[in-house]
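Notes for the structure review
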Amino acid sequence: MQWFLIFYISVNFLAAVVCTAVAFLVPQKTAQVDWGFRLFALMTALWCATSGLFFLNETTGDFWVWTGIQTLPYVTVPVLWLYFILQLTGNRLPSPVVLLLVPIATLIVYWNPDWSSLMWTVAQTDWRYGVSIAQYERGPWFTFVHTPYSYALISVGHAYLFSAIWQSRRKQRRSLILLLCCGLIPLLLNFLTLSPLYDSSRFFDLTPIGLAISTVLFCWGLSQYQILQRSPLAYQQIFTSLKASILVLDLDYRLIEFNAAAEALLGCTKNTIGVSAQELVTCLQGSDWSALRTQGKTEVKSSQQYFQIEQFPILRQERLLGYILNISDITQSRQLQEQLLEGALLYDSLTGLPNRTLFYDRLRQALKRCDRNPTQSIAIAFVDVDRFKVINDSLGHLAGDQVLIEVAKRLQSCLRSEDTVARFGGDEFAILAANAHPQDIEAFCKRLQREIQEPITLETHVVNTSASIGIVLRASQRSPEKLIQDADIAMYQAKSKGKGLFAVFEQSIANATLQRMELEVSLRQALERQEFFLVFQPIVAISSGEIRGFEALLRWQHPTHGLISPTVFIPIAEEMGIISVLDRWVLKNACQQLHQWRVQHPELDLTMSVNLSTANFIFANLVETVTETLDRTQVAGKNLKLEITESILMKDPEATARVLKQLKDCGVEILLDDFGTGHSSLSYLHRLPLEGLKIDKSFVHEAQYSPQSMEIIKTIVSLAQGLKLKLIAEGIETDAQRRLLLGLGCDLGQGYLWWKPMTSRKASNALQHRGIAQQPRVSEFSKRL
């Protein structure tokens, strides 16, 4: 038996060398190799090597050392085998630490002298085959913990292999069966070694013999069947489970292989192997096949489904072997694109509300229902957000967008399911109310306004706004476009009356509103067409009638409507936001005219008064505009008087005081116009750098007949004298009014008693007569009235 021992040792050493070589020489990129497999191969090599060295011991101590070394692969190989199989088959990998808990405990038990008997006990018995043989007795830990656990791990690994063989195709089964055999051979021999049938020769472990045989099989399978091919089962599972239909074709586009999705979509079976792909993919026409071959991709529609078909070449070392057709169902994504496109065309991107196009469509449908059923009625509300431009300009477009989104939500909360609210653009919304009754319109509008007037909380600000609403009820023979136009006109009428109001369309107000809208369009072009001009009303000394200065007044000569009053176009210009442009134009031309008159009549020391609107006064560059104009026209600041109203003072007293102080530093004098008609606080007057007050003409007209007006004038005069302010009385039309004001202490005035507002030519003529007005007779004045 000496030759058998030599053969046994030689085979184990050869297996150890081969396993070591496999662990280091198998390339990572082309094979399923990671640290788990490499450790498995190295532990197998260590097991085989120690099995050969086991027979070279001479004492029980030597036996104990070699057996202890052999224990390390003995307890770790089952764990590494399971880990390798799980990774090869593409299953979830558990934590190695968890799997190694029992093997680590086994090593602790074996190497602890007090516990080693739980594994086994060793005693030298005799010499056999020329070597010292030791016999061991298995302990309870070995029998009831280590062995069942190791067999369980190996059995689980083989179960996964059996499952992989069952699920794989024929080409992959050979390599997996060979790998199964590599695991079963040492398992069966180990089981035989530990069985009672082998008890008499248990010193001779048959497991390394099985490992050696498995090593030979493994190396043969590595070259023959590529048993370590990277995730063969995982690839097969991916190919089978792909939702896209996959067809593998040869160079002539004949079917070689297909997956389950292709079987369900195209009806592929084993009998269709070798059939041309053009016969299977019937949705592809001749032009589609041409596009697929030249471009590698095409899209087709079959019934209600959309498919994308892609072609990929199968190459091996730059040699074309065939093609892969990937047929993907893109119906859902295509429908989603169509829905998004429809949403982009029919819905507002900011608020998500229907847009103008969708609103008109729903309005047409509602009108058709009303035509079929005359008892039904509809109402259209056109909503405009008040002060939105101010919010947008002062807080930024992002804040403006947030306001619009919140307004849209609040409008929706007021409607029923059958109603529609749409965003028409900017800050305008339209509402279609089905089955609307005239008696409910007022309550409906008030509900909308209450919701919108609630404060809107932004990130850094809380803003308040309101809505102007125009309502139109459905009338017979009205087109959708006409109804929307009427609602817009009604909204415009509501806005002209103030903020936060509503108006129901009436034909009687439509013409006036349309004219106002026409004026808005004309007003934007009036400056370019040079339709504006200035007239000048002299400011005279009440005692002598001598001209001391002029007030510049803006007039508009419309090409079709003739002369339009400032009371008509100034409010429109303020609402449109172009009043500042007009004010700058007036300031520039008035100063140019003043410079011309002062050159012609330096002895008169003339002044020019210019009115400032509320909108222009709040501009940050007002002071710069005034100083620049004075420099360009060569007018001294003391000769320019800017007239402001009480509404400007009350808008922001602190900011107003700062601007007035800057203007005074430039030498400009500030007059408070229409004093007594507003709601200013007298406490501000002594804190503001004012030069004078203008008594409103309404008090002057009624002074002779109304004691209240007389008392008001006396109070204004007394206040001006106390504050050392100049006084100018407006609207003096009779000599009795002149004498009354002169007696009260008012020095300057203007009115029809002396001069009407006149053109620059007539004003120049008046100055030629040394600025002395020829007072008209009372009878002539009465006729003029």
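Being a predicted model, the structure only gives us computed values, none of them experimental.

1. Regarding the pattern of salt bridges
One pass over the full model with this rule turns up 25 salt bridges. For lysine 638, the salt bridge identified is with aspartate 605, shortest N-O distance 3.7 Å. Linking lysine 638 in the loop between helix 23 (622-633) and strand 19 (640-644) with aspartate 605 in the loop between helix 21 (579-600) and strand 18 (607-611), this pair joins segments that are 33 residues apart in sequence. Lysine 638 sits in the partly exposed class, given a relative accessible area of 47%. Here arginine 632 and glutamate 628 are joined by a salt bridge, their closest N and O atoms 2.9 Å apart. Of this pair, arginine 632 and glutamate 628 are both found in helix 23, four residues apart, which corresponds to roughly one turn of the helix. Residue arginine 632 is classed as exposed on the basis of its relative accessible area, which comes to 68%. Overlapping salt bridges, with partners in common, bring together Glu551, Glu643, Lys694 and Glu730 in one network.

2. As for the sheet that holds strand 14 (residues 502-504)
Taken in spatial order, the five strands make up an open sheet running 9-10-8-13-14, and their pairing is mixed. The sheet terminates laterally at strand 9 (420-425) and strand 14, the two strands that pair on one side only. Mean inter-strand twist for the sheet, computed between neighbouring axes without regard to direction, equals 20°. As paired strands, strand 8 (residues 378-385) and strand 10 (residues 428-434) are joined by seven bridges and run antiparallel to one another. Within the sheet, the bridge partner assigned to alanine 381 lies in strand 10 and is isoleucine 431.

3. A short note on the environment of valine 145
For valine 145, the location among the structural elements is in helix 6 (residues 140-167). For valine 145 and proline 103, which are 42 residues apart along the polypeptide, the C-alpha to C-alpha distance reads 9.7 Å. Not counting the four nearest positions on each side in its chain, valine 145 is found in contact with Val102 and Pro140.

4. Some remarks on helix 20 (residues 566-576)
Every α-helical turn comprises 3.6 residues, leaving residues that sit three or four positions apart pointing alike. Here helix 20 has its buried residues at Phe569, Ile572, Ala573 and Met576. Axial view of helix 20: buried residues confined to an arc of 100°, hence all on one face. Downstream of helix 20 by one or two residues, glycine 577 has phi in the positive range, about 85°.

5. Details of the UniProt feature "transmembrane region" (unreviewed entry) in the chain
Residues annotated by UniProt as "transmembrane region" (unreviewed entry) correspond here to residues 6-27, 39-57, 63-86, 93-111, 148-165 and 177-197. Between the C-alpha atoms that bound residues 93-111 the distance is 30 Å, and the span itself is 79% helix and 0% strand. As annotated, residues 148-165 has a helix share of 100% and a strand share of 0%, and its two end C-alpha atoms lie 25 Å apart.

6. Description of empty space enclosed by the protein
Counted by the stated rule, this structure contains three cavities of 30 Å³ or more. If you add up the space inside the largest cavity, you get close to 450 Å³. What lines the largest cavity is a set of 29 residues, among which Phe40, Thr44, Val77, Pro186 and Leu211 lie closest to the centre. Looking at the lining of the largest cavity, the elements that each hand over two or more residues are helix 1 (2-25), helix 2 (35-53), helix 3 (60-88), helix 6, helix 7 (170-194) and helix 8 (207-224). Top contributing element to the lining of the largest cavity by residue count: helix 7, with seven residues. Classifying every residue of the lining of the largest cavity gives 20 nonpolar, nine polar and no charged.

7. Quick notes on the nonpolar core
Within the largest apolar cluster, 75 residues are counted, with the highest numbers of intra-cluster contacts made by Leu523, Phe550, Met608, Val626, Leu640 and Leu642. At eight residues, helix 21 tops the list of elements feeding residues into this core. If near-sequence neighbours (up to four positions away) are discounted, phenylalanine 550 is found in contact with Phe536, Gln537, Pro538, Ile539, Trp597, Leu606, Thr607, Met608, Ser609, Ala763 and Leu767. Ala15, Ala164, Ile165 and Leu176 belong to the second largest nonpolar core, which has 36 residues in total.

8. Some words on unusual backbone geometry
At glutamine 530, a position not held by glycine, the phi torsion is positive, near 55°. For glutamine 530, a relative accessible area of 70% corresponds to the exposed category. With a phi angle near 60°, lysine 724 is a residue other than glycine that sits in the positive phi range. Turning to its location among the elements, lysine 724 is positioned in the loop between helix 27 (707-723) and strand 22 (726-729).

9. Some words on the environment of phenylalanine 218
Along the chain, phenylalanine 218 turns up in helix 8. For phenylalanine 218, a relative accessible area of 11% corresponds to the buried category. Spatially, the C-alpha atoms of phenylalanine 218 and cysteine 181 are 9.2 Å apart, while their sequence positions differ by 37 residues.

10. Remarks on helix 14 (residues 356-372)
End to end, helix 14 covers 25 Å across 17 residues, agreeing with the expected 24 Å (1.5 Å per residue, within 8%). Regarding helix 14, its N-cap is asparagine 355, as a side-chain oxygen of that residue lies 3.2 Å from the backbone nitrogen of threonine 357 further along.

11. Considering the packing of helix 23 against helix 25 (residues 653-665)
A packed helix pair is summarised by two numbers, namely the angle formed by the two axes and the spacing between the axes. Two elements in contact, helix 23 and helix 25, have axes separated by 10 Å at closest approach and are oriented at 15°. Classified by the angle between their axes, helix 23 and helix 25 sit roughly parallel to one another. As helix 23 runs across helix 25, the sense of the crossing is right-handed. Taken together, the residues of helix 25 that come into contact with helix 23 (itself represented by Leu622, Val623 and Val626) are Val659, Gln662 and Leu663. The class makeup of the residues in the contact of helix 23 with helix 25 is five nonpolar, one polar and no charged.

Rules of the game
- Residues numbered from 1 in each chain as written.
- Predicted model: local features only at pLDDT ≥ 70, side-chain atom pairs only at ≥ 80, totals over all residues.
- Heavy atoms only, no water.
- Salt bridge = Lys/Arg side-chain N within 4 Å of Asp/Glu carboxyl O.
- Helix = DSSP H or I, 4+ residues; strand = E, 2+ residues; numbered from the N terminus.
- Buried < 20%, exposed > 50% of the residue type's maximum accessible area, 1.4 Å probe, protein only.
- Pairing = 2+ DSSP bridges.
- Axes fitted to C-alpha atoms, helices over the stretch in contact; angles between N-to-C directions.
- Contact = heavy atoms within 4.5 Å.
- Arc of directions from axis to C-beta.
- UniProt positions renumbered as here; feature names shortened; annotations may be inferred.
- 1 Å grid on protein atoms, 1.4 Å probe; cavity = no way out; pocket = protein on both sides within 12 Å on 5 of 7 lines; lining within 4 Å.
- Points joined across faces, edges and corners; volume = space filled by probe spheres on them.
- Nonpolar A, V, L, I, M, F, W, Y, C, P; charged D, E, K, R; others polar.
- Core = buried A, V, L, I, M, F, W, Y, C linked by side-chain atoms within 4.5 Å.
- Expected span 1.5 Å × (residues − 1).
- Polar contact = N/O pair within 3.5 Å; in protein donor to acceptor, adjacent residues only side chain to side chain.
- Parallel < 35°, antiparallel > 145°, perpendicular 65-115°, else oblique.
- Left-handed = near helix turned anticlockwise from the far one by under 90°.

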